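Results of the structural survey
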Amino acid sequence: MNVPAILPKHVTFIMDGNGRWARSRGEERLKGHIAGVESVRAIMEASVEFGIPYVSFFAFSEENWGRPEAEVLGLMELMLKSMKNELHNFLENGIRFLVLGNRARLTPELNASIDDIEAKTAGGKRLTMILFLSYSGKWDIQQAATRMAQAGASSIEPFLVTSGIPDPDLMIRTSGERRISNYLLWQLAYAEFVFTDTLWPDFRKEEYLKALEEFASRDRRFGKVK
Ligand code: IPE
Ligand code: IPE
Ligand code: MG
């Protein structure tokens, strides 16, 4: 399959179904999250190959803090380990790495690593890869509105955590759920949505290409008449 001529500038993923993937194999949920990291790497590498400049992933929601402590701790450890492991890959491939979300809820150790990797990859020009961590759409709009009021400003966009990042053109959610689960509520205003039943650890380059084909076939009118 060829890469479509019309490509989104920013693709975002709600990576869902890790738990079910693990359970269907009689494994602990954490095994699914570990397998899911491989899909993130595959999608990141494919995005570089296809020439998509922004790719982002919903890795952990504000609501996910309500999961059992062992799963939350396991996920945070996995995040820390995976981003440290990927640093050389980011640098070799010209990838700028960013974490967006409610950073105040993360541990000092994780925050320090994120700061370090963000600083080291700041010059990456081929792809901006964003992890939404401890993020929710309502939280983002709330914190932006508060800071906007404090500044006496009249536009909310510069205060959203995504300021400076183009809004996603395409949102892909895996695992068969057809909802946005308090993700980028403002920024998805005109995104195209693709839902697939595939569980996140099984989502790889071939299916990514299919979703990009689907995106290329959509008629985006932005409220206008063509
Ligand atoms: C997505 O997979 C990853 C996170 C939300 C952290 P889930 O953990 O939600 O997997 P399911 O939906 O229970 O299968
Ligand atoms: C959304 O998945 C959050 C992330 C992918 C990080 P969830 O599994 O938490 O969402 P719900 O509970 O199915 O809406
Ligand atoms: Mg889920």
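Higher on the page you've got the structure.
Structure report, in brief. Worth saying up front: this structure is predicted, and the values here are computed from it rather than measured.

Section: the site of ligand 2
Taken together, the residues surrounding ligand 2 are Ile14, Met15, Asp16, Phe58, Ala59, Phe60, Ser61, Asn64, Arg67, Arg173, Arg179 and Ser181. Within the side chain of Asp16, a nitrogen or oxygen atom sits 3.2 Å from an oxygen atom of ligand 2. Taking Asn64, its side chain carries an N or O atom lying 3.0 Å from an oxygen atom of ligand 2. Protein burial of ligand 2: of its 390 Å² of free accessible surface, 78% is covered by the chains.

Digging into the site of ligand 1
Around ligand 1, the structure places Met15, Asp16, Gly17, Asn18, Gly19, Arg20, Arg29, His33, Ala59, Asn64, Arg67 and Leu75. Residue Gly17 places a main-chain N or O atom 3.4 Å away from an oxygen atom belonging to ligand 1. Here an oxygen atom of ligand 1 and a backbone polar atom of Gly19 are 2.9 Å apart. For ligand 1, whose unbound accessible area comes to 380 Å², protein coverage reaches 87%. Among the secondary structure elements, those contributing two or more residues to the shell around ligand 1 are helix H1 (18-23) and helix H2 (29-50). For the shell around ligand 1, the class distribution of residues is three nonpolar, five polar and four charged.

Rules and cut-offs
- Going along each chain's sequence as written, the residues are numbered from 1 onward.
- Here every chain gets a letter starting at A, and every ligand a number starting at 1, in the order they are written.
- Reporting in this predicted model follows two pLDDT cut-offs: at least 70 for local features of residues, and 80 or more for side-chain atom pairs to be given and counted; totals over whole chains, interfaces and linings ignore these cut-offs and use all residues.
- Note: side-chain values were computed over all heavy atoms of the structure, leaving out hydrogens and water.
- We define proximity as follows: a residue is near a molecule or strand when any one of its heavy atoms falls within 4 Å of that partner.
- N or O atoms within 3.5 Å of each other form a polar contact, as long as, within protein, one can give a hydrogen and the other can take it, and as long as residues adjacent in sequence are counted only when both atoms are side-chain atoms.
- The accessible surface values rely on the Shrake-Rupley method and a 1.4 Å probe; as for residues, cover is taken only from the protein chains in view.
- In this description a helix means any DSSP run of H or I spanning at least four residues, a strand means any run of E spanning at least two, and both kinds are numbered starting from the N terminus.
- Just so you know the grouping, Ala, Val, Leu, Ile, Met, Phe, Trp, Tyr, Cys and Pro go in nonpolar, Asp, Glu, Lys and Arg go in charged, and all remaining residues, Gly too, go in polar.

In short, geometric facts, not functional conclusions.
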